Structures are given as structure tokens and as C-alpha cells.
Amino acid sequence: MKLQGSNLLERKEIQKLLGKDLNFVWFPATLEKDYRFQYQNEAAHEFRYRGPIILLLYLFLSYGIYQLLPPEQVGLWLKLYSCVGIIVFVAWGFSWFEKMHQWFDWYATIGSTIAIAISFTIVNLVYDEQGSVLLHAAIMYAVVIVYGFVGLRFYVAILAGWLGGALGTLVSMFFSDEIAWTLLNRTYTFSSFLGMALAYVTDRHHRENYLQSCLLELHRIEMVQQTQQLEVMSRQDALTGIANRRYLDEMLEEEWYRAMRHQTPLSLMMIDIDYFKAYNDSLGHLAGDQCLIKIAHAITDIATRSGELVARYGGEEFVILLPMTTQQHAIRQAERLLRSIKNLTIPHPASEISQHVTLSIGVVSYVPQMNEDVNDFLYCADHALYKAKSRGRDGYVFAHLAPQSLSNTKAS
Ligand SMILES: Nc1nc2c(ncn2[C@@H]2O[C@H](COP(=O)(O)OP(=O)(O)OP(=O)(O)O)[C@@H](O)[C@H]2O)c(=O)[nH]1
């Protein structure tokens with residue numbers, strides 16, 4: 001189950017709670033709410049097997065008491081004691097309904113309070129020398145079970161334990177003149193303190209486990225985020241932020257086979273900045289980096305259709321991969337890109353053809369056939385780029401490829 005605590009608190013806050021704050025067995029309000037939700041679910045589930053154990057132990061004790069009580073007392077005792085059995089049974093029944101889990105604190109607390117009140121009252125209403133010893137044992141038994149075995153949180157268990165005693169006292173005072181205060185003090189009070197100690201240790205331990213689980217969950221979330229970040233970084237070019245060569249190779253192969261399967265045209269533009277060595281030499285490497293970033297952004301603005309990929313192919317070379325794109329559209333895109341770079345007017349003091357940075361582009365568009373190699377496709381784009389350079393740069397060349405001609409292209 002996903003722990004909301006890991007969303008609600010930072011690692012530092014959880015670590016702080018794991019220190020001294022745990023002694024108060026209470027979390028800050030928002031976390032307590034999530035903890036309660038979690039805890040009630042678990043406690044209700046556990047009560048499915050704890051309930052029958054409590055009932056069995058009660059039956060065992062009841063048989064002992066029954067053997068010792070005189071027959072005239074048995075009727076009243078049995079009536080009251082059956083009520084305790086019914087309460088445990090009903091609570092056990094509730095624990096099987098998922099929808100009731102949110103009410104576990106309520107039904108377990110009310111049931112525990114009444115069970116203690118009845119056990120308390122029986123001691124004062126049923127008199128018998130021998131039997132009353134076992135009835136007092138039954139009170140201790142009820143109190144310890146409520147604190148340590150029902151699965152209530154510490155403060156809630158205290159409420160049930162002492163409220164049950166107070167109710168029992170009131171009813172006993174109403175129906176009986178003789179209350180065995182001294183013995184009750186030794187049984188009910190002592191067992192209450194023992195039970196409180198048990199409940200405290202259990203609650204504290206449970207909360208510690210919960211916080212440790214939140215830390216583990218937080219750790220898991222951080223690991224997932226880091227893995228995602230690494231995945232993104234492994235596909236990105238560090239300088240420009242666009243896809244790197246590795247990712248381009250992956251996507252190119254994927255799109256190549258997709259185009260082959262569906263017999264759709266795949267287009268590609270290979271782009272190179274003109275006289276970039278001279279740009280670096282005249283303005284410096286840092287200015288060269290800034291220029292590469294601007295060009296990468298401009299190219300990205302061109303490739304807006306879904307599936308289109310802009311990548312840095314290496315140094316000052318870029319690639320746009322255009323799946324399901326005809327040669328007409330690819331050519332229009334190349335012209336758009338040349339215009340947009342012109343409009344950027346990035347000064348280039350060392351260019352032999354312009355005062356601004358210009359590009360040369362090799363464009364290729366092709367419907368791949370079986371047994372044709374994607375590298376030949378790339379080679380054609382590169383060859384077209386080479387032609388664009390040799391024709392004076394600041395332009396594009398489209399590589400005309402006849403259908404099923406790719407494997408011969410390299411040789412020609
Ligand atoms: N600033 C910068 N320069 C780079 C980077 N990567 C490659 N370069 C430079 O890009 C230049 C590429 O030069 P060439 O391959 O000779 O090409 P060119 O000068 O553009 O010449 P033509 O392509 O023929 O127009 C080299 O000087 C590399 O140092 C980079 O990340 N940052």
C-alpha cells in the first residue's frame with residue numbers, strides 16, 4: 001500500500017519524528033490522520049484472528065468461574081458475561097467488512113468500554129468467596145486484553161480502559177451497597193497500569209515501523225525520480241538540451257522500420273553551420289556554444305509536428321527526423337529553416353558568404369524497402385549536405401532517390 005506519509009513529510013521531518021517526538025506517541029495532525037487510516041485498516045484485519053482468540057480465552061475463564069459460583073449466582077453472572085461475549089463477537093463480525101475499517105476506533109473503543117464496565121460491575125454484583133477471586137482475575141484479563149490485544153492506539157485505549165472503570169463504578173454504586181474497593185484497587189488499577197505500559201510500547205513500536213516504512217517509500221520515490229532523470233539525461237545533448245546522437249540512432253531505426261512496414265515516406269534533414277570553425281576562431285569557443293544553442297532552438301521551433309525529432313548529430317551538425325513526411329513538405333521545412341536562421345541575424349564576422357550565420361542542409365525523403373539499410377539513407381542526406389556546401393553554402397540540396405534505389409546509391 002502506498003504510504004501517504006512519504007508525500008506529507010520531508011525526509012528530515014520524518015527523521016525528527018523518529019527521535020524524541022516518538023515518545024509522545026502522537027504525530028502532527030495531517031500525518032496522524034494518514035497514520036490512523038493505515039492503522040485502523042491493519043488493526044481491523046488483525047482483529048479477524050484476534051477476535052476468536054479473545055473469545056476462546058473468555059470461554060475458558062468462564063468455565064472456571066462457572067464451576068466455582070453457587071447456582072443462585074450463575075444466572076445473573078451468565079447474563080452479564082454473555083453480553084461481553086456478544087460484544088467481542090459483533091466486533092469480530094465488523095472486522096470482516098472493509099467499509100467498517102474506518103470505524104474500527106469507534107466500535108472497538110465502545111465495545112471495550114462496555115466490556116470493562118460489565119466485568120467491573122459483575123465483581124460488585126455477584127458475591128462469592130471463591131468465585132470472586134476469579135471474577136477479579138476476569139477484570140484484570142479484560143483490562144489487559146483491551147490495552148494490549150484489541151489493537152487500539154495508546155490514547156484511545158486509555159480512554160476505553162478508564163471510562164469502562166468509571167462506568168462500572170457508577171453502575172456498581174447504583175445497584176450495590178458493598179463495593180470491594182481494596183481488592184478492585186489491586187486488580188483493576190494495577191492491571192490498568194500494566195495494560196497502559198503494554199499499549200504505550202506497542203503504539204510506539206507501531207509508529208516507529210510506520211515512519212521507517214515512510215522513509216523506505218521516500219527512498220523508493222527518489223530512486224524512481226533519479227532513474228527517470230538519468231534516462232532523460234542519457235538522451236539529451238548537454239549543451240543544447242535537444243536529443244543526442246544516441247537517441248537519434250534509436251529513433252531513426254524505429255521510424256525506418258515503421259516506414260518500411262506501413263510504406264510511408266520518411267524524411268530527414270542534415271544541417272551544418274557554415275564556417276563554424278572560423279566563427280569559433282574569431283569570436284571564441286564560448287560564443288560558439290551560444291550560437292549552437294540559438295541554432296538548436298531555431299531548428300526545434302521548425303519541427304512542431306508530433307513524432308518529429310531534432311537532434312545534435314555531432315559538433316555543429318544537426319538532424320531533423322520527419323516521419324510520414326513527403327519530399328514536398330521536407331523541402332518546405334528546409335526553406336522555412338533557412339529563412340528563420342536568416343531572420344535571427346546572428347553576426348558572423350568570419351563568414352565568406354554572409355555577415356550572419358548561415359546553414360547548409362541536405363534533405364532526403366524515401367519509402368524504405370525490405371533489405372535496405374538505414375545507414376545508406378543517412379549517407380544520402382550527408383551526401384546532399386556535401387553538395388549544398390560545394391554549391392556555395394546557405395542553401396539546401398534535395399537528394400532525389402528513385403524507389404528501391406537506395407542500395408545502389410552509395411556505389412554510384
Ligand atoms: N564552440 C563549439 N564549437 C564546436 C563544438 N563542437 C564542434 N565545434 C567546432 O566546430 C568546428 C567545425 O569545423 P569544421 O568541421 O571545419 O566545419 P566549418 O568550419 O563549419 O566548415 P564548413 O562546414 O565547411 O562550412 C570545429 O572548429 C569544432 O571545434 C562545440 O560544442 N562548441
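Residue positions are counted from 1 within each chain, in the order its sequence is given. Restriction of local features to residues with pLDDT of at least 70 applies here, the model being predicted, together with a cutoff of 80 or more for giving and counting side-chain atom pairs; totals for whole chains, interfaces and linings are based on all residues. The basis for every side-chain value is the complete set of non-hydrogen atoms in the structure, without hydrogens or water.

Bringing the UniProt feature "transmembrane region" (unreviewed entry) in the protein into the picture now. UniProt's feature table lists "transmembrane region" (unreviewed entry) at residues 53-69, 75-94, 106-127, 133-150 and 155-175, given in the numbering used throughout. Secondary structure elements follow DSSP: runs of H or I of four or more residues count as helices, runs of E of two or more count as strands, with numbering from the N terminus. The span residues 53-69 shows a helical share of 94% and a strand share of 0%, and its end C-alpha atoms are spaced 24 Å apart. From the first C-alpha to the last, residues 133-150 spans 24 Å; its make-up is 89% helix and 0% strand. UniProt positions are given in the numbering used here, feature names are shortened, and annotations may be inferred rather than shown by experiment.

For this document, the term salt bridge refers to a Lys or Arg side-chain nitrogen within 4 Å of an Asp or Glu carboxyl oxygen. Counted under the stated rule, the structure contains 18 salt bridges. Linking Glu-46 and Arg-50 is a salt bridge whose minimum nitrogen-to-oxygen distance equals 2.6 Å. Of this pair, Glu-46 and Arg-50 both sit in helix α3 (residues 29-68), 4 residues apart, roughly one helical turn. For Arg-50, a relative accessible area of 17% puts it in the buried group. Each of Glu-32, Asp-105, Arg-153, Asp-203 and Arg-207 takes part in salt bridges that share partners, so that together they form one network. For each residue, the accessible area found with a 1.4 Å probe, counting protein chains only, is set against the maximum for its type, and the residue is called buried under 20%, exposed over 50%, and partly exposed in between.

Burial within strand β2 (residues 309-314) is extensive, with 5 of its 6 residues counted as buried. At least two bridges found by DSSP between two strands are what make those strands a pair. Two elements, β2 and strand β3 (residues 317-322), share 5 bridges in a ladder whose sense is antiparallel. Within β3, the residue paired with Leu-309 across the bridge is Leu-321. Between β2 and the antiparallel strand that follows it, β3, lie 2 residues; Gly-315 among them carries a positive phi value of about 30°.

Right, let's get into the sheet that holds strand β1 (residues 266-273). Reading across the sheet, the 5 strands line up as β2-β3-β1-β4-β5 and stay open at both edges, with mixed pairing between neighbours. Each edge of the open sheet carries a strand with a single partner, namely β2 and β5 (395-399). Ignoring strand direction, the axes of neighbouring strands in this sheet form an average angle of 20°. Where β1 meets strand β4 (residues 359-366), 8 bridges bridge the pair, whose relative direction is antiparallel. Of the residues in β4, the one forming a bridge with Met-269 is Val-363. The convention used is that axes are lines fitted to C-alpha atoms, helices contributing only their stretch in contact, and that angles between N-to-C directions extend from 0 to 180 degrees.

Here we take up the packing of helix α2 (residues 11-18) against helix α8 (residues 181-235). It is the contact of α2 with α8, at a shortest axis distance of 10 Å, that shows an interaxial angle of 160°. With respect to α8, the axis of α2 lies roughly antiparallel. By crossing handedness, the relation of α2 to α8 is classed as left-handed. On α8, the residues that touch Arg-11, Ile-14, Gln-15, Leu-17 and Leu-18 of α2 are Glu-208, Leu-211, Gln-212, Cys-214, Leu-215, Leu-218, His-219 and Glu-222. For the contact of α2 with α8, a count of residues per class yields 7 nonpolar, 3 polar and 3 charged. For this classification, under 35 degrees means roughly parallel, over 145 means roughly antiparallel, 65 to 115 means roughly perpendicular, and everything else is oblique. Each helix crossing is assigned a hand: it is left-handed if the near helix lies turned anticlockwise from the far helix by less than a right angle, otherwise right-handed if that turn is clockwise. Any pair of residues with heavy atoms lying within 4.5 Å of one another is described as a contacting pair. Residue polarity is assigned by list, with Asp, Glu, Lys and Arg as charged and Ala, Val, Leu, Ile, Met, Phe, Trp, Tyr, Cys and Pro as nonpolar; anything else, Gly included, falls into the polar class.

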